Amino acid sequence: DLDGVEGKLEVEIPRKELEEFNGSFIPKEGEGKRFRLEAANLLLRGTALKNTQWVHGVVVYCGAQTKIRLNAKSESDSNITEKRSQIMTKVTRLLYSMMLLQVSFCLLGAIFSAVWFQ
């Protein structure tokens, strides 16, 4: 039962290396005890646990600081594609199509108007 567990979690600053992690947990009432944390104790985003009935966890890195996000596309990596959902891709394509259609209608209207009033 971990309801009453309190302590301090000390971890390294976020780094790109997925296989490396160092930290420690210092219980409030541990009398100098320190529990070492390493890469084997870290679950990265998207990890699926199998054959496990329960697990206790703490969020260490979140948002842009996650190891996965730090390894995502950077300015120097031009051959890596950005991860996007299918719906986002379809909506973007539909938006560009609608804009092209509207520009076409405006040009056709301008041409027909010029011809009509000549």
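Look a little higher up for the structure.
Only a predicted model underlies this, so the values are computations on that prediction, with no experimental measurement involved.

Student: I'm lost on the sheet that holds strand β2 (residues 22-27) in this one. Help?
Tutor: Each strand in a sheet pairs with another by means of backbone hydrogen bonds, the pair being arranged parallel or else antiparallel. On the basis of which strands lie adjacent, the open sheet formed by three strands has the order β1-β2-β3 and antiparallel pairing. Of all the strands in the sheet, just β1 (7-11) and β3 (35-38) have a single pairing partner and so form its edges. Taking the axes of each pair of neighbouring strands and ignoring which way they run, one obtains an average angle of 20° across the sheet. Bridge analysis of β1 against β2 gives five bridges, and the strand direction is antiparallel. The residue bridging Leu9 from the neighbouring strand is Phe25, located in β2.

Student: How should I be thinking about the pairing of β2 in this particular structure?
Tutor: Note on strand geometry: in a regular strand, side chains alternate between the two faces of the sheet. In this sheet, β3 lies alongside β2 in antiparallel orientation, the contact comprising four bridges. Across the sheet, the residue bridging to Ser24 is Arg36, located in β3.

Student: Explanation requested: the layout of surface pockets in the structure shown.
Tutor: Any empty space left between atoms is shown by rolling a water-sized probe over those atoms. The space that makes up the largest pocket amounts to roughly 790 Å³. Contributing elements (two or more residues each) for the lining of the largest pocket: β3 and α1 (67-70). Taken together, the residues of the lining of the largest pocket break down into 17 nonpolar, four polar and two charged.

Student: I keep staring at unusual backbone geometry and nothing clicks. Help me out?
Tutor: Comment: phi is negative for the bulk of residues other than glycine, and the bulk of peptide bonds are trans. Not every positive phi belongs to a glycine, and Asn51 is a case in point at roughly 55°. Mapped onto the elements, Asn51 comes out in the loop between β3 and α1. The class of Asn51 is exposed, set by a relative accessible area of 85%.

Student: Please explain a nonpolar patch on the surface as it appears in this structure.
Tutor: A cluster of nonpolar side chains, Ile87, Met88, Val91, Leu95, Tyr96 and Met99, forms an exposed patch at the surface whose accessible area comes to about 630 Å². Looking at the element boundaries, Met99 is found in helix α2 (residues 86-116). With a relative accessible area of 46%, Met99 lands in the partly exposed category.

Student: Explain the environment of Ala40 here, please?
Tutor: Considering the arrangement of structural elements, one finds Ala40 in the loop between β3 and α1. A sequence separation of 18 residues divides Ala40 from Asn22, and the C-alpha atoms of the two residues are 10.0 Å apart.

Student: Even after reading the chapter, I still don't get the pattern of salt bridges, so can you show me in this structure?
Tutor: Side chains that differ in charge, positive against negative, can pair when their charged atoms come close. Taken as a whole and assessed by the stated rule, the structure comprises four salt bridges. The salt bridge involving Lys28 is made with Glu6; its shortest N-O contact spans 3.4 Å. Taken together, the positions of Lys28 in the loop between β2 and β3 and Glu6 in the segment before β1 put the pair 22 residues apart, joining distant regions of the chain. Among the residues examined, Lys28 registers a relative accessible area of 62% and is labelled exposed. Here Glu6 falls in the partly exposed class, since its relative accessible area comes to 47%.

Calculation criteria
Residues numbered from 1 in each chain as written. Predicted model: local features only at pLDDT ≥ 70, side-chain atom pairs only at ≥ 80, totals over all residues. Heavy atoms only, no water. Pairing = 2+ DSSP bridges. Helix = DSSP H or I, 4+ residues; strand = E, 2+ residues; numbered from the N terminus. Axes fitted to C-alpha atoms, helices over the stretch in contact; angles between N-to-C directions. 1 Å grid on protein atoms, 1.4 Å probe; cavity = no way out; pocket = protein on both sides within 12 Å on 5 of 7 lines; lining within 4 Å. Points joined across faces, edges and corners; volume = space filled by probe spheres on them. Nonpolar A, V, L, I, M, F, W, Y, C, P; charged D, E, K, R; others polar. Buried < 20%, exposed > 50% of the residue type's maximum accessible area, 1.4 Å probe, protein only. Patch = residues over 30% accessible without salt bridge, like charges linked within 9 Å, V, L, I, M, F, W, Y side chains within 5 Å. Areas by Shrake-Rupley, 256 points an atom, 1.4 Å probe, with all protein chains shown as cover. Salt bridge = Lys/Arg side-chain N within 4 Å of Asp/Glu carboxyl O.

Shape descriptors only; they carry no functional weight alone.
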